[in-house]
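Chain by chain, the residues run as shown.
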Amino acid sequence: MAVCSLPPIRHRPMSATLPAHRPNPLGFLPVWQRNFLVWRKLALPSILGNLADPLIYMLGLGYGLGAMLPSIDGQPYVAFLAAGTVCASTMNAATFEALYSAFSRMHVQKTWDAILNTPLGLADVVAGELFWAATKSLFSGAAILIVITGMGLTNGPLALWALPAIVLTGLAFAALGLIWNALAPSYDFFMYYFTLFITPMTLISGVFFPTDQLPGWLAAVGQWLPLAQGVALIRPLLAGQVPADALIHIMALLTTTAVAFAIALRLTRRRLLK
């Protein structure tokens, strides 16, 4: 009796469960556009919400505490703090979008699942989230920049160059946030990110006071953080000065973005394949 031999069963690798797509440099645009169209319905409340908290701190500390402080680098404390507020607001807007909003679209609303059933790939989705979070940070930073310019806390046309610096800062923190988003099992997990990373970094990166007031080792740590790079670019520009070592700070932010995005994409792919 002849025995029919069957070919061996070959298991498909897990990477094959995500469809392969040809790289498209502009593949992120539909994802960005989708997020923008959703945000546009609540644009005004969103911008006002991003303005309220940083402006309260800036006005309260800048004019209240600032009245008891001497000038810093030849400018009143409120102007010093205004530049730091722009940077902190940029960081927070990008971080919140890359964490809470991106997590909702990935895990709760299953928006990413729907997008991945189109010709777009996972890299397009993650890149779209990256650039959208940076766009949200630009909206937030630009709104505060307009307010402080109206208050006379900026000096000269060089302040307009703060807008590209805001985008670079937003990209860096969006990419870092996407790493944590790929690791988070729930919304509660994001509090660790803010408590252990965002808040300490805000305190040692020159947002509220010059870093030379810190112990030497702590100031050295702070100057390598991405928020400090943004502060080093934006504060001189708002004061009408060309930032020292601008190219170094720009490259630091771009390198942070590239490395963090690569890690975020790898971790996100591994999470979705589980």
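Relevant structure appears above.
Asks: How do you make sense of the overall build of the protein chain when you look at a structure like this?
Replies: The secondary structure content of the protein chain amounts to 10 helices and 0 strands. Along the protein chain, from the amino end to the carboxyl end, the secondary structure elements read α-α-α-α-α-α-α-α-α-α. Projected onto its principal axes, the C-alpha coordinates of the protein chain cover approximately 100 × 45 × 35 Å. When burial is assessed residue by residue, the protein chain has 47% of its 274 residues classed as buried. In the structure as shown, the protein chain presents an accessible area of about 14,600 Å², 69% of it carried by carbon and sulfur atoms. For the protein chain, the distance from the average position of its 15 positive side-chain charges to the average position of its 9 negative side-chain charges is 17 Å.

Asks: So what exactly am I meant to see when it comes to the packing of aromatic side chains here?
Replies: Within a pair of aromatic rings, the relevant descriptors are the distance that separates the centres and the angle that separates the planes. Per the stated rule, a full pass over the model turns up 21 aromatic pairs. Look at F96 and Y100: their rings are 5.5 Å apart centre to centre, the planes differ by 20°, and that puts the pair in the stacked class. Within this pair, F96 and its partner Y100 are both found in helix α3 (residues 77-108), separated by 4 residues, close to a single helical turn. Relative accessible area serves as the criterion here: at 42%, F96 is assigned to the partly exposed category. Geometrically, the ring pair formed by F103 and Y187 is edge-to-face, given 5.1 Å between the ring centres and 70° between the ring planes. Residue F103 is found in helix α3, and its partner Y187 is found in the loop between α6 (162-183) and α7 (190-204); the two are separated by 84 residues along the sequence. Owing to a relative accessible area of 1%, F103 belongs among the buried residues under this scheme. For Y187, a relative accessible area of 31% gives the class partly exposed. Through a chain of ring-to-ring contacts, three or more aromatic side chains come together here, namely F96, Y100, F103, W180, Y187, F189, F190, Y192, Y193, F194 and F197.

Conventions used here
- Residues numbered from 1 in each chain as written.
- Predicted model: local features only at pLDDT ≥ 70, side-chain atom pairs only at ≥ 80, totals over all residues.
- Heavy atoms only, no water.
- Helix = DSSP H or I, 4+ residues; strand = E, 2+ residues; numbered from the N terminus.
- Buried < 20%, exposed > 50% of the residue type's maximum accessible area, 1.4 Å probe, protein only.
- Areas by Shrake-Rupley, 256 points an atom, 1.4 Å probe, with all protein chains shown as cover.
- Lys, Arg positive; Asp, Glu negative; His and termini not counted.
- Charge placed at Lys NZ, Arg CZ, Asp CG, Glu CD.
- Phe/Tyr/Trp six-rings, centres within 6.5 Å; stacked < 30°, edge-to-face > 60°.

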